[in-house]
Amino acid sequence: MLALWQKLRIPLPVEVAVGRVDLVHGPDFVLPPSLARSAVVTVHDLSYVTHPDTAHPAQKRYLDLAVPRAVERATMVIAVSHATRSDVIELYGANPEKIAVVHNGLDPIFQRESTAAARKQAAALVGPFGTFALSVGTVQPRKNIPAMAAAVGRLRKQGHDIHYVHAGAEGWLSDRVHSEIVAIDDGFVHFLGPVTDDVLKALYEFAFVTLAVSKAEGFMFPIIESMAMGTPVVTSNLSSMPEVAGDAALMVSPGEVDEIAAAVEQIIGDEGVLRDLTEKGLRRSLEFSWADAAEKTESVYRKALDKS
């Protein structure tokens, strides 16, 4: 049914599939047609507006039409960060009183050690590289992969034996990313493709540092996942990333390769910084839970029903 609504634009109310409801929640940017008296929509980010060159043109055209309509129609809007909330208010002129922030949670799987089998599989993937910086996410322009790879390249020129590893499926406009990497890579950049969560946990454990230096994010899971697995994080000083990381990561400008390289070198050269980031990161990761997100979401539902 969701495919029909989003792909074919067939105006069938949700009640056709599920029967009568008092409230409908669109968890991914848009709202299906419905006869319900209340509606809640979750908006994850507006990067297709703030960074249009990083969005697939067809996806951008659809979201430019559908998301403002959903925000206007919704009784309440859930933003996954204060940064996203600010963007929705500023760019769509939404009423601040109807927008609630509900942070995403940390999957409990990242609070447990990876299995021996997963560690063996991860070791087979990255063992030959020795020390490496890890980044995680769909391969697409917004993730800023070429800049992070270039930063690792700078470190190598300074004498550091470090590789750059990226885990994640190919996404939109990924050809653009790979074409930029060609000019940087001399054998130290490695794309692993998609991996299971258990293998990802082991990759975080094996990594020297996680680079989460995206151009824009509504909420960046690799920050808290890496922290939970005891690996320090370098992230962007804009969008939602400072909000998610708190004081438990080093912040850099995503467009400044030298800043990214210097942050990693700071961790390499100072065991105190490494230890401090690891300890703060573990504590910070515990501040995000799906149980808390569920409780806050229920509160939004109640407020939406009260308003209708």
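Residues numbered from 1 in each chain as written. Predicted model: local features only at pLDDT ≥ 70, side-chain atom pairs only at ≥ 80, totals over all residues. Heavy atoms only, no water.

Section: the sheet that holds strand E6 (residues 163-167)
Inference 1: The 6 strands are arranged E7-E6-E5-E8-E9-E10 in an open sheet whose pairing can be described as parallel. Because the sheet does not close on itself, it has two edges, and the strands there are strand E7 (189-193) and strand E10 (250-252). Along the sheet, successive strands turn relative to each other by an average axial angle of 25°, direction set aside.
Inference 2: Of the strand pairs in this sheet, strand E5 (residues 132-136) and E6 are connected by 5 bridges, and their pairing is parallel. (Pairing = 2+ DSSP bridges. Helix = DSSP H or I, 4+ residues; strand = E, 2+ residues; numbered from the N terminus. Axes fitted to C-alpha atoms, helices over the stretch in contact; angles between N-to-C directions.)

So, the packing of helix H7 (residues 145-157) against helix H8 (residues 174-182)
The description of two packed helices rests on the angle between their axes and on the distance between the axes.
Inference 1: Running from amino to carboxyl end, H7 crosses H8 at an angle of 20°, the nearest separation of the two axes being 9 Å. Between H7 and H8, the angle falls in the class roughly parallel. Relative to H8, H7 is oriented so that their crossing is right-handed. Contacts between H7 and H8 involve Ile 145, Pro 146 and Ala 149 from the first element and Val 177, Glu 180 and Ile 181 from the second.
Inference 2: Partitioning the contact of H7 with H8 into residue classes produces 5 nonpolar, no polar and 1 charged. (Parallel < 35°, antiparallel > 145°, perpendicular 65-115°, else oblique. Left-handed = near helix turned anticlockwise from the far one by under 90°. Contact = heavy atoms within 4.5 Å. Nonpolar A, V, L, I, M, F, W, Y, C, P; charged D, E, K, R; others polar.)

Observations regarding helix H5 (residues 82-92)
Inference 1: Among the residues of H5, those classed as buried are Ala 83, Thr 84 and Val 88. The buried residues of H5 occupy one face: seen down the axis, they fall within an arc of 135°.
Inference 2: Contacts from the buried residues of H5 go to strand E2 (38-43), helix H4 (57-73), strand E3 (76-79), strand E4 (99-101) and helix H11 (241-245).
Inference 3: Among the residues trailing H5, Gly 93 stands out with phi positive, at a value near 60°. (Buried < 20%, exposed > 50% of the residue type's maximum accessible area, 1.4 Å probe, protein only. Arc of directions from axis to C-beta.)

Nothing here speaks to function; it is geometry throughout.
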